[in-house]
Amino acid sequence: SQKIEQNSEALNIQEGKTATLTCNYTNYSPAYLQWYRQDPGRGPVFLLLIRENEKEKRKERLKVTFDTTLKQSLFHITASQPADSATYLCALDPRNTDKLIFGTGTRLQVFP
Amino acid sequence: GAVVSQHPSWVICKSGTSVKIECRSLDFQATTMFWYRQFPKQSLMLMATSNEGSKATYEQGVEKDKFLINHASLTLSTLTVTSAHPEDSSFYICSVTGGNSDTQYFGPGTRLTVL
């Protein structure tokens, strides 16, 4: 079956460390993959998009990698801050129809 | 990115009543809007794609007669939950595609509680 997996367990890290979140997918060959941030009771906020021909993309303290062979994307937050605490969702468009399928998300908790 | 609003932000209704949720694109003319539903501790599930001036397309398993979608203008789409039941209680979120159609911009969501 087709699915997107993210670590359902919360990730707890200390402020200043690098947080690394994983997104694995099966039976898809997406042209791109996206990462969103969602705070409790709020809609997701777009963070980064990485295309299949891009190995890595950066935006300020964020870095995303995309390995189409492993069918995996890694999302890194460097110099993490308590304000980075949220749930992070990966999403992809398996049929290039603008319809996104989301992973279950990983909750990140950054403590001082 | 596009700014999207939803109204109301939360609503409580009695079982059997209908509830309308509005989604507005404030600074972008959206020919396509999406409606999602999110249950506690679960991910977003796409319910339907709302196309301006035409009928919405629904995902498999979503009852089109229960979840009525109207996309009357380029800035407004509405979702009406008809004859709501407690199992319809959820977080409903809309989104629009931006200038780069690969990206979606989401509204703040509407929390529906059916008693």
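Just so we're clear, the structure is a prediction, and the values are computed from it rather than from any experiment.

Caption draft 1: Quick peek at the state of the cysteines. On inspection of all chains with the given rule, the structure shows two disulfides over all chains. Between the sulfur atoms of Cys23(A) and its disulfide partner Cys90(A) the distance amounts to 2.0 Å. With the S-S bond torsion at 65°, the cross-link from Cys23(A) to Cys90(A) turns out right-handed. In this pair, Cys23(A) is assigned in strand 3 (residues 19-26) and Cys90(A) in strand 9 (residues 86-92), connecting sequence segments 67 residues apart. Each of the two residues, Cys23(A) as well as Cys90(A), counts as buried. Here Cys23(B) pairs with Cys94(B) through a disulfide, and the sulfurs are 2.0 Å apart. Measuring handedness by torsion sign, the sulfur bridge of Cys23(B) and Cys94(B) sits at about 80° and is right-handed.

Caption draft 2: Structural view of the sheet that holds strand 7 (residues 67-73) of chain B. Residues and elements named next belong to chain B. Spatial ordering of the open sheet is given by 1-3-8-7, a layout of four strands whose pairing is antiparallel. Each edge of the sheet is formed by a strand with only one pairing partner; in this case those strands are strand 1 (4-7) and strand 7. Neighbouring strand axes in the sheet, compared pairwise and without regard to direction, differ in orientation by 15° on average. Sheet topology places strand 7 next to strand 8 (residues 76-81); five bridges connect them, and they run antiparallel. Among the inter-strand pairings, Asn 70 is bridged to a residue of strand 8, identified as Thr 78.

Definitions and cut-offs
- Residues numbered from 1 in each chain as written.
- Chains lettered and ligands numbered in written order.
- Predicted model: local features only at pLDDT ≥ 70, side-chain atom pairs only at ≥ 80, totals over all residues.
- Heavy atoms only, no water.
- Disulfide = S-S within 2.5 Å.
- Helix = DSSP H or I, 4+ residues; strand = E, 2+ residues; numbered from the N terminus.
- Buried < 20%, exposed > 50% of the residue type's maximum accessible area, 1.4 Å probe, protein only.
- Pairing = 2+ DSSP bridges.
- Axes fitted to C-alpha atoms, helices over the stretch in contact; angles between N-to-C directions.

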